[in-house]
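Here is how the chains run, residue by residue.
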Amino acid sequence: MQETLFCLSVGHFLLFTMSDSNSTNFINPSTFILLGIPGLEAAHIWISIPFCTVYIIAILGNFTILFIIKMEPSLHVPMYYFLCMLAITDLVLSTSILPKMLSIFWFYSREINFSACLTQMYFIHCFSVTESGILVAMAFDRYVAICDPLRHSTILTIPVVAKIGLATVLRGIMLILPHAFLARRWPYCRTNIIPNTYCEHIAVVKLACADISVSSYYSLSVAFFVTALDVFFIALSYTQILRAIFRLPTKDARLKTFETCGSHLCVILAFYIPHLFAALTQRFGHNVPLHLHILMANMYLLVPPALNPIIYGAKTQQIWVRLLQLFTHKGCLSCDHHPRLWAHTGSQGNIQYMQETLFCLSVGHFLLFTMSDSNSTDFINPSTFILLGIPGLEAAHIWISIPFCITILGNFTILFMVKTEPSLHVPMYYFLCMLAIIDLVASTSILPKMLSIFWFYSREISFTACLTQMYFILSLSVIQSGILVAMAFDRYVAICDPLRHSTTLTNPVVAKIGLAVVLRGIMLILPHPFLARRWPYCRTNIISHTYCEHIAVVKLACADISLSSYYSLSVAFFVTALDVFFIALSYTQILRAIFRLPTKEARLKTFGTCSSHLCVILASYIPALFSFLTHRFGHNVPQHLHILMANMYLLVPPMLNPIIYGARNQQIRVRLLQPFTHKGT
């Protein structure tokens, strides 16, 4: 907090000193124009998605690190104090860049005030130097802890740690301060357009119509001084550390000692390698395309703040044990000494209770009621199943979970846009709302339990909740396929018979189509959980999957499951074949109508109204088809690939659908921009 407040004070001072336009006779523009990534303007929306994801991960991860270290007294040691400084630096650094970048990509808000531009430039370079200094301090901490462990607590006391942190911040402030003042003094009489996503120092001073050699030489000197000196001290620390490690008597002792440095080494590589590559391409890569320069510069600044908390969270036992304890009963505190019990004790916590409650809504209540009579069968049913996640990739569970965390926001945005904009109250967008609701429920049926496996090792799921989850997944997949058919029919009527579109697809007709699609999904899948309920499970209760997939569950039964298998195949073939047939029939008629149009522009404009729907169809059916084929015939395909494909087939379409419609549909895009633009526009 002290570092942040101090640097914010410097920022206010810079804004104040730079705002006096009468203090210089040079010509300074009132604003700069940031172009984003020249040459990739059409892909700005798509490029923003990974950057926005990285920013969300950086914010959540670093705040989690700060919260856990504050709440856990055992983490109040120098190593974690330096980690807190790194987290604060990462938060300020990423927040200095991302909001403006996203406003360029999403809202075309390219202007930035001259003083704000210089302040942003100052913060970026200042905190980059500060972060490099913190990495040196962390290397020194590891050196003392390994080479002189008995004196570690007396050398690195809290006042010493605070002084090291203050010295690191002051070094960044003082070394970068001349950049802003030199940039302030140059005359800018050429242009005010910066081909970048943020106010990068070289990109700004290149616009000056004066001799900027002083600024260039000082910038190079600082970059060389900071990088060379910091890398030298880090290398010196690790040379001494490695010498001390190789003196240890046993291999296990050497490995255990070296593991205490593993997180720090990963963070160092994540920081310096992109930095080095970006600096080399900037200085010597004259033949490298401009957009690659800009992408590398953004990745160098934004990827380390997202990776640092993940690296320390995944590789530091104290942090993820403490994170696990926050979500489980206090009785689980003893799990610190019994890691093998985490998967079982986690099931007694509040997470699983919330997940199973979410699964048991509407139809789930009916299933719970009908399946709860344990006296109605003489077969053996386990009380719980154990979901293993992705066998063979347990070490990568944390990394695999990251891309699956961004499926909710887009669909809620679609629902909000359609609800608040009267011009979108037409059949096409009603069907889109149905698709968004189905995507939300489908992803919510899978994701919470999957993340509890990946993050908290909570692998148990009750037998009834497992069957209910299985039912929701299958029925919602059938419903989603039916909605895509309904949307194809809407496009067919709109293009082939436009004059009767509003009378054919009235609101009651749209509601009836939606109800029919939902009822079809409910009725076709209803036999699955009842058949699965009747089988005896006397082999094992372990499911090698991240969710209760139908085939994975019934394969555990020690009985003839041919009836369930044949019914499952029949439903899959009936639904897929029938729906694909009707979609193909609709688009055959649509293409015939399009090719009858007199001009190429009319044909392209008409076909453009179908492009979003076609993209959604491909995003839904291609992963489903590939997953089905690998499951049925890919006996030589590794099991983890089967499971990854099954998860992608269910979770990628809900993530892509709102992006496709939001990026390609003008009405939604315009409606989304309206709250952020002037009324006059």
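Residues numbered from 1 in each chain as written. Predicted model: local features only at pLDDT ≥ 70, side-chain atom pairs only at ≥ 80, totals over all residues. Heavy atoms only, no water.

(A) Geometry of the overall build of the chain. Counting its regular elements, the chain contains 27 helices and six strands. The burial tally for the chain puts 49% of its 681 residues in the buried class. As displayed, the chain has an accessible area near 32,900 Å², and 69% of this comes from carbon and sulfur atoms. (Helix = DSSP H or I, 4+ residues; strand = E, 2+ residues; numbered from the N terminus. Buried < 20%, exposed > 50% of the residue type's maximum accessible area, 1.4 Å probe, protein only. Areas by Shrake-Rupley, 256 points an atom, 1.4 Å probe, with all protein chains shown as cover.)

(B) Structural view of the packing of aromatic side chains. This model, assessed by the stated rule, comprises 15 aromatic pairs. Ring centres of Phe 32 and Tyr 188 lie 5.8 Å apart, and the angle between their planes is 85 degrees; this geometry places the pair in the edge-to-face category. Of this pair, Phe 32 sits in strand S1 (residues 31-34) while Tyr 188 is found in the loop between helix H6 (158-185) and strand S3 (193-194), placing the two residues 156 residues apart along the sequence. The residues Phe 32 and Tyr 188 share a single accessibility class, namely buried. Arranged with centres 6.1 Å apart and planes meeting at 85 degrees, the rings of Trp 106 and Phe 107 form a pair that is edge-to-face. Take Trp 106: its relative accessible area is 30%, and that puts it in the partly exposed class. (Phe/Tyr/Trp six-rings, centres within 6.5 Å; stacked < 30°, edge-to-face > 60°.)

(C) Quick peek at the sheet that holds strand S4 (residues 384-387). Spatially, the three strands line up as an open sheet ordered S5-S4-S6, and their pairing is mixed. Of all the strands in the sheet, just strand S5 (460-462) and strand S6 (542-543) have a single pairing partner and so form its edges. Along the sheet face, helix H19 (residues 463-496) touches S4, S5 and S6 and points at about 85 degrees away from the line of S5. (Pairing = 2+ DSSP bridges. Contact = heavy atoms within 4.5 Å. Axes fitted to C-alpha atoms, helices over the stretch in contact; angles between N-to-C directions.)

(D) Region of the structure containing the nonpolar core. Counting 90 residues, the largest nonpolar core has Phe 32, Leu 83, Tyr 188, Ile 194 and Val 204 as the members making the most contacts within it. With 18 residues, helix H3 (residues 78-107) is the largest single contributor of residues to this core. Excluding residues that lie within four positions of it along the chain, Val 204 makes contacts with Phe 32, Cys 117, Leu 118, Met 121, Tyr 188, Ile 194 and Cys 199. (Core = buried A, V, L, I, M, F, W, Y, C linked by side-chain atoms within 4.5 Å.)

(E) Spotlight on the state of the cysteines. Counted by the stated rule, this structure contains two disulfides. Through a disulfide, Cys 117 is tied to Cys 199; the S-S separation comes to 2.0 Å. Between Cys 117 and Cys 199 the sulfur-sulfur dihedral comes to about -120 degrees; the bridge is accordingly left-handed. Note that Cys 117 is positioned in helix H4 (residues 114-147) and Cys 199 in the loop between S3 and helix H7 (201-205), a separation of 82 residues in sequence. The exposure class assigned to Cys 117 is buried, which follows from its relative accessible area of 0%. For Cys 199, a relative accessible area of 1% corresponds to the buried category. Across the disulfide, Cys 466 is cross-linked to Cys 548 (sulfur-sulfur distance 2.0 Å). Taking the torsion about the S-S bond as the criterion, the Cys 466 to Cys 548 disulfide, at about -120 degrees, is left-handed. Here Cys 548 lies in the loop between S6 and helix H23 (550-554) and Cys 466 lies in helix H19, a separation of 82 residues in the sequence. (Disulfide = S-S within 2.5 Å.)

(F) Region of interest: H3. Given a rise of 1.5 Å per residue, 30 residues ought to cover 44 Å, and the 43 Å separating the end C-alpha atoms of H3 matches this to within 8%. At Thr 95, H3 shows its maximal bend, which comes to roughly 30 degrees, and the proline Pro 99 appears one to four places after that position. Burial runs high along H3: 26 of the 30 residues are buried. Note on H3: the residue one or two positions beyond its end, Tyr 108, has a positive phi of about 55 degrees. (Expected span 1.5 Å × (residues − 1). Bend = angle between axes of the 7 residues up to and from the residue.)

(G) Broad picture of the pattern of salt bridges. Within this structure, the stated rule accounts for six salt bridges. Between Arg 171 and Asp 230 there is a salt bridge, and its shortest N-O distance comes to 2.9 Å. Taken together, the residues Arg 171 in helix H6 and Asp 230 in helix H8 (residues 213-246) connect sequence positions 59 residues apart. When the shortest N-O distance is used, the salt bridge between Asp 490 and Arg 491 registers 3.0 Å. (Salt bridge = Lys/Arg side-chain N within 4 Å of Asp/Glu carboxyl O.)

(H) Spatial organisation of the sheet that holds S1. Spatially, S2-S1-S3 is the arrangement adopted by the three strands of the open sheet, whose pairing is mixed. Each edge of the open sheet is held by one strand with a lone partner, namely strand S2 (111-113) and S3. Relative to S2, S1 runs antiparallel, the two sharing three bridges. Looking across to S2, one finds that Ile 33 is bridged to Glu 111.

(I) Representation of unusual backbone geometry in the model. The residue Tyr 108 is not glycine, and still its phi comes out positive at about 55 degrees. Residue position: Tyr 108 is located in the loop between H3 and S2. Here Tyr 108 falls in the partly exposed class, since its relative accessible area comes to 48%.

(J) Here's a closer look at a nonpolar patch on the surface. Residues Phe 225, Leu 229, Phe 232, Phe 233 and Leu 236 make up a contiguous nonpolar surface patch of about 440 Å² in total accessible area. Within the element layout of this structure, Phe 225 appears in helix H8. (Patch = residues over 30% accessible without salt bridge, like charges linked within 9 Å, V, L, I, M, F, W, Y side chains within 5 Å.)

(K) How the structure looks around the side chain of His 550. Its location among the elements puts His 550 in helix H23. The class of His 550 is buried, set by a relative accessible area of 3%. The contacts of His 550, once residues within four sequence positions are left out, are Met 470, Leu 474, His 528, Ser 564 and Ser 568.

(L) Layout of the confidence of the model for the chain. Model confidence for the chain is summarised by a mean pLDDT of 78, while 79% of its residues fall at 70 or above. The low-confidence segment residues 4-10, where pLDDT is below 50, has twelve contacts with residues more than four positions distant or belonging to other chains. Low pLDDT, under 50, characterises residues 677-681; the predicted model gives this stretch zero contacts beyond four residues in sequence or across chains. (pLDDT = per-residue confidence, 0-100.)

(M) Structural context of the environment of Val 129. With respect to the secondary-structure elements, Val 129 resides in helix H4. A relative accessible area of 8% places Val 129 in the buried class. Put simply, Val 129 and Asp 230 are 101 residues apart on the chain and 9.7 Å apart in space, counted from C-alpha to C-alpha. Contacts of Val 129, omitting those with residues within four sequence positions, involve Arg 171, Gly 172, Leu 175, Ile 176 and Val 226.

(N) The pairing of S1, seen in detail. Inspection of the sheet shows S1 paired to S3 by two bridges, in the parallel sense. The residue of S3 that forms the bridge with Ile 33 is Ile 193.

(O) A look at the packing of H4 against H6. One way to put it is that H4 packs onto H6 with a least axis distance of 8 Å and a crossing angle of 150 degrees. Taken together, the axis directions place H4 and H6 in an arrangement best described as roughly antiparallel. The interaxial crossing formed by H4 with H6 has right-handed handedness. Tallied by class, residues from the contact of H4 with H6 come to 16 nonpolar, seven polar and two charged. (Parallel < 35°, antiparallel > 145°, perpendicular 65-115°, else oblique. Left-handed = near helix turned anticlockwise from the far one by under 90°. Nonpolar A, V, L, I, M, F, W, Y, C, P; charged D, E, K, R; others polar.)

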